[in-house]
Amino acid sequence: MSDLVYDVTEATFQAEVLEKSKTVPVLVDFWADWCGPCHALAPVLERAVERHGGEVVLARVDVDQNQRLAMAFQVQGIPAVKAFAGGRLVDEFVGAQPAQVVERFVESLLPSEADRAAAAAAELDPAEAAARWREVLEQDPDNLPARAGLADLALREGRPAEAIELLRPIEHDPEVAVLLASARLAAEAADPASRFAPAAAQAADGQADPALATLLAAVREGPGETRDQARALMLDVFRLLGDDHPLTIRYRRDLTRALF
């Protein structure tokens, strides 16, 4: 096997598939030695991956040796090919497929020309980058890298409301969750009429504990618009901290109790 094609197990799946997919798309081939169609599909997958020279990789999972993985990803028939990007499952197919179908599947995971242009713009100075990102959006209005790039620039330049508007068309994409949370907290912190401006400023400044304590107290006051706003801001702080942060775990539990 080459560096682009490798075996993974239950012990290595997290690092070699989920984490790796945050930097490069990972195809996962669930197969077994007794499966004839699996042996037919394997070289087709390998050729498709190698054709793209490192833009995508292929991880192979022997379902007989890794039954818990197969169950976790609801593999009911093999070969089953699942594509991961950004740490999550994004596409899949079942059964041996012809080379042209596999090639289209792989190509759908790769950056478009607009994505490549938007990524290249990030290496330019801010003014040139902004101009290039706007050009990309003229051709592809929902292009995520261009919208995220412009929003990040707006946020760094103190224009959080503009950043929020830029992200609105792609706000449900997990890749912009942290950026959007940062923009919403910055906008709240800049609002002199907001009761939660000090807490939002604390959260944006890395003082999450006192910020969450203030917001949780508001949630506990009872139903209404104020509670909803405080809850939404707490969720944004959780996004900044990450799901595994001790403060996220503690305050999420407290939030659930306060709500229910």
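Notes on the structure in this doc start here. A quick note: this is a predicted structure, and the numbers were derived from the prediction, not measured. Per chain, residue numbering runs from 1 following the sequence as it is written. A pLDDT threshold of at least 70 governs which residues receive local features in this predicted model, and a stricter bar of 80 or more applies before side-chain atom pairs are shown or counted, although totals over entire chains, interfaces and linings include all residues. The side-chain values count all of the structure's non-hydrogen atoms but skip hydrogen atoms and water molecules.

### Observations concerning the state of the cysteines
Thought 1: In plain terms, two cysteine sulfur atoms within 2.5 Å form what is called a disulfide here. Taken as a whole, this structure holds one disulfide when the rule is applied.
Thought 2: Through a disulfide, C35 is tied to C38; the S-S separation comes to 2.4 Å. Here the disulfide of C35 and C38 is right-handed, its torsion about the S-S bond being about 80 degrees.
Thought 3: Here C35 falls in the buried class, since its relative accessible area comes to 3%.
Thought 4: Per-residue accessibility, obtained with a 1.4 Å probe over protein chains only, is compared with the maximum for each type, and a residue is labelled buried under 20%, exposed over 50%, and partly exposed between these values. Residue C38 is classed as buried on the basis of its relative accessible area of 2%.

### Things to note about the layout of surface pockets
Thought 1: Estimates place the volume of the largest pocket at around 880 Å³.
Thought 2: Grid points spaced at 1 Å and placed over the protein atoms alone form the basis of the search, with a cavity being a set where a 1.4 Å probe fits but cannot get out and a pocket an open set showing protein on both sides within 12 Å along at least five of seven lines. Lining residues have an atom within 4 Å of a point. What lines the largest pocket is a set of 26 residues, among which A85, G86, L109, L144 and E175 lie closest to the centre.
Thought 3: Secondary structure counts use DSSP, requiring at least four H or I residues in a row for a helix and at least two E residues in a row for a strand, with both numbered from the N terminus. Elements that contribute at least two residues to the lining of the largest pocket include exactly β5 (88–94), α5 (113–121) and α7 (144–156).
Thought 4: In terms of residue count, α5 provides more of the lining of the largest pocket than any other element does, four residues in total. Grid points are joined across faces, edges and corners, and a volume is the space filled by probe spheres set on the points.

### Brief notes about the sheet that holds strand β4 (residues 80–85)
Thought 1: Taken in spatial order, the five strands of this open sheet run β1-β3-β2-β4-β5, and their pairing is mixed. The sheet is open, and its two borders are formed by β1 (5–7) and β5, each paired with just one other strand. Here the average twist between neighbouring strands, direction ignored, is 25 degrees.
Thought 2: Here six bridges tie strand β2 (residues 26–31) to strand β3 (residues 57–62), and the two strands are oriented parallel to one another. The residue bridging W31 from the neighbouring strand is D62, located in β3.
Thought 3: Set on the sheet, helix α4 (residues 99–107) makes contact with β2, β4 and β5; between it and β5 the angle comes to about 170 degrees. Being paired, for any two strands, means DSSP has found at least two bridges between them. Convention adopted: a line fitted to C-alpha atoms gives each axis, helices being fitted over their contacting stretch, and angles between N-to-C directions are expressed from 0 to 180 degrees. Note on contacts: a residue pair is in contact if any heavy atoms of the two residues lie within 4.5 Å.

### Regarding the packing of aromatic side chains
Thought 1: Each pair of aromatic rings taken from Phe, Tyr and Trp, with Trp reduced to its six-membered ring, is defined by centres within 6.5 Å and is described as stacked if the planes are under 30 degrees apart, edge-to-face if over 60, and tilted in the remaining cases. If you walk through the whole model with that rule in mind, you get five aromatic pairs.
Thought 2: Between F13 and F73, the ring centres sit 5.2 Å apart and the planes meet at 40 degrees, which makes this aromatic pair tilted. Of the two residues, F13 sits in helix α1 (residues 13–19) while F73 sits in the loop between α3 (67–72) and β4, which places them 60 residues apart along the sequence.
Thought 3: Residue F13 is classed as buried on the basis of its relative accessible area, which comes to 4%.
Thought 4: When the ring centre of W31 is taken as origin, the NZ or CZ atom of R60, which lies over that ring, is 4.2 Å away. Lysine and arginine charges are scored as sitting over a ring when NZ or CZ, respectively, is within 6 Å of the ring centre and within 35 degrees of the ring normal.

### Re the nonpolar core
Soluble globular proteins: nonpolar side chains tend toward being buried together.
Thought 1: In this text, buried Ala, Val, Leu, Ile, Met, Phe, Trp, Tyr and Cys residues form a nonpolar core when linked through side-chain atoms within 4.5 Å. In terms of nonpolar packing, the biggest core is built from 40 residues, with F13, V17, L27, V28, L45 and V102 touching the most fellow members.
Thought 2: Elements represented by at least two residues in this core include exactly β1, α1, β2, α2 (36–51), β3, α3, β4 and α4.
Thought 3: Non-local contacts of V102, meaning those with residues more than four positions away in its chain, are made with L41, V44, L45, A48, F93 and Q97.

### Some thoughts on the pattern of salt bridges
Thought 1: What makes a salt bridge here is a side-chain nitrogen of Lys or Arg within 4 Å of a carboxyl oxygen of Asp or Glu, nothing more. For the structure shown, the criterion picks out 17 salt bridges.
Thought 2: Put simply, K82 and E92 hold a salt bridge, and the shortest N to O gap is 2.4 Å. Linking K82 in strand β4 with E92 in strand β5, this pair joins segments that are 10 residues apart in sequence.
Thought 3: For K82, a relative accessible area of 4% puts it in the buried group.
Thought 4: We classify E92 as partly exposed; its relative accessible area is 39%.
Thought 5: Note that D236 and R239 form a salt bridge whose closest N and O atoms lie 2.8 Å from each other.

### A few points about helix α12 (residues 225–241)
Thought 1: To estimate the expected span of a helix, subtract one from its residue number and multiply by 1.5 Å. End to end, α12 covers 25 Å across 17 residues, agreeing with the expected 24 Å (1.5 Å per residue, within 8%).
Thought 2: For α12, the secondary structure elements touched by its buried residues are α9 (177–189), α10 (197–204), α11 (208–220) and α13 (246–259).
Thought 3: Following α12 by one or two positions, G242 has its phi on the positive side, about 100 degrees.

### Details of unusual backbone geometry
Thought 1: Looking along the chain, the bond that leaves I78 and enters P79 is cis, with omega of 0 degrees.
Thought 2: By the element assignment, P79 lies in the loop between α3 and β4.

### Focus: the packing of helix α6 (residues 126–139) against α7
Thought 1: Two elements in contact, α6 and α7, have axes separated by 9 Å at closest approach and are oriented at 145 degrees. Where α6 crosses over α7, the handedness of that crossing is left-handed. Contact residues: α6 offers P126, A130, W133, R134, V136 and L137, while α7 offers P145, A146, R147, G149, L150 and L153.
Thought 2: Any residue that is not Ala, Val, Leu, Ile, Met, Phe, Trp, Tyr, Cys, Pro, Asp, Glu, Lys or Arg is counted as polar, Gly included; the first ten are nonpolar and the last four charged. The residue makeup of the contact of α6 with α7, split by class, is nine nonpolar, one polar and two charged. Left-handed describes a crossing whose near helix is turned anticlockwise from the far helix by less than a right angle; the clockwise case is right-handed.

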